[in-house]
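Observations on chain architecture
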Amino acid sequence: IAGITQAPTSQILAAGRRMTLRCTQDMRHNAMYWYRQDLGLGLRLIHYSNTAGTTGKGEVPDGYSVSRANTDDFPLTLASAVPSQTSVYFCASSSTANTEAFFGQGTRLTVV
Amino acid sequence: AQSVTQLDSQVPVFEEAPVELRCNYSSSVSVYLFWYVQYPNQGLQLLLKYLSGSTLVKGINGFEAEFNKSQTSFHLRKPSVHISDTAEYFCAVSDRANAGGTSYGKLTFGQGTILTVHP
């Protein structure tokens, strides 16, 4: 089934540890995004990528980094996790042809 | 900069009653408008979108929304709700002029409205 795959589904992480959230899409969309969802705040954009090889900062980029080595993959890395990064993380993708964004199922991350 | 305000954090209704979920936005540029739905422990699914043309847009599951430019609103409505409509609903906007085709995914979201349909 075409779509976006995120891994892991959930994770409990010790503060100070490094963590990479994985995101893969098979729709050949040029643009990809990472959002975090927090209660009462909706979803906020962390980083995005217009196309392979380029990335940009969203609304809440601090403490996160991304890379876009190819069209399909867009990993999100927390270099040194802190409890405030406890959240549900969603990866999404879009293209001009589809006129909408498609979202993955999310990764629930708890930093303790 | 853009912002989106969903005026109700929670909306309880009885089955078969009509419902309206309110959304207002603020933007200095022309925007696209979206409503997404999130069922428990799932990702977001697009309900409907306004890109251009008729200001009344129809989406999936019997939902519709009306774009009102003068009031900068994009309220979501359904004439008769079902138990299965219980979910969280998000209004979102994006800048029409985003580079690289990101106009449909580089979104500013509202805080969400939890719709609970009671039998």
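These numbers were taken from a predicted model, which means no experiment stands behind them.

What counts and what doesn't
Residues numbered from 1 in each chain as written. Chains lettered and ligands numbered in written order. Predicted model: local features only at pLDDT ≥ 70, side-chain atom pairs only at ≥ 80, totals over all residues. Heavy atoms only, no water. Contact = heavy atoms within 4.5 Å. Buried area = accessible area lost by both parts, 1.4 Å probe. Salt bridge = Lys/Arg side-chain N within 4 Å of Asp/Glu carboxyl O. Polar contact = N/O pair within 3.5 Å; in protein donor to acceptor, adjacent residues only side chain to side chain. Helix = DSSP H or I, 4+ residues; strand = E, 2+ residues; numbered from the N terminus. Nonpolar A, V, L, I, M, F, W, Y, C, P; charged D, E, K, R; others polar. Pairing = 2+ DSSP bridges. Axes fitted to C-alpha atoms, helices over the stretch in contact; angles between N-to-C directions. Disulfide = S-S within 2.5 Å. Buried < 20%, exposed > 50% of the residue type's maximum accessible area, 1.4 Å probe, protein only.

**Side note on the interface of chain B and chain A**
Opposite the 23 residues of chain B that make contact, chain A presents 24 residues. Approximately 1,800 Å² of surface area, both sides summed, lies buried where chain B meets chain A, with 54% of it carried by carbon and sulfur atoms. When residues of chain B are sorted by the area they lose upon contact with chain A, Tyr104(B), Lys106(B) and Phe109(B) head the list and together hold 26% of the total. Run the count over chain B and chain A and you get 0 salt bridges. Counting across the interface, chain B meets chain A through 7 residue pairs in polar contact (both at pLDDT 80 or more). Contributing elements (two or more residues each) for the side of chain B that touches chain A: β5 (31-38), β6 (44-50) and β10 (87-95) of chain B. Considering only residue class, the side of chain B that touches chain A consists of 10 nonpolar, 10 polar and 3 charged.

**Describing the sheet that holds strand β3 (residues 19-25) of chain A**
Residues and elements named next belong to chain A. Pairing in this open sheet of 4 strands is antiparallel, and the strands run β1-β3-β8-β7 from one edge to the other. On the outer flanks of this sheet lie β1 (4-7) and β7 (64-66), each paired with one strand and no other. Within the sheet, the average angular offset between the axes of one strand and its neighbour, ignoring direction, is 20°. With 3 bridges connecting them, β3 and strand β8 (residues 76-78) associate as antiparallel partners. Across the sheet, residue Leu-21 finds its bridge partner in β8, namely Leu-76.

**Section: the state of the cysteines**
Going through the model one piece at a time under the given rule, you end up with 2 disulfides over all chains. Paired through a disulfide, Cys23(A) and Cys91(A) show a sulfur-sulfur distance of 1.9 Å. An S-S torsion of about -70° defines the bridge between Cys23(A) and Cys91(A) as left-handed. Remark: Cys91(A) occurs in strand β9 (residues 87-94) and Cys23(A) occurs in strand β3; sequence separation between them is 68 residues. The two residues Cys23(A) and Cys91(A) agree in class, both being buried. The disulfide partner of Cys23(B) is Cys91(B), and the gap between their sulfur atoms is 2.0 Å. Note on the Cys23(B) and Cys91(B) pair: the S-S dihedral is about -65°, so by sign convention the disulfide is left-handed. With Cys23(B) in strand β4 (residues 23-27) and Cys91(B) in strand β10, this pair connects stretches of sequence that are 68 residues apart. Relative accessible area serves as the criterion here: at 0%, Cys23(B) is assigned to the buried category. With a relative accessible area of 0%, Cys91(B) lands in the buried category.

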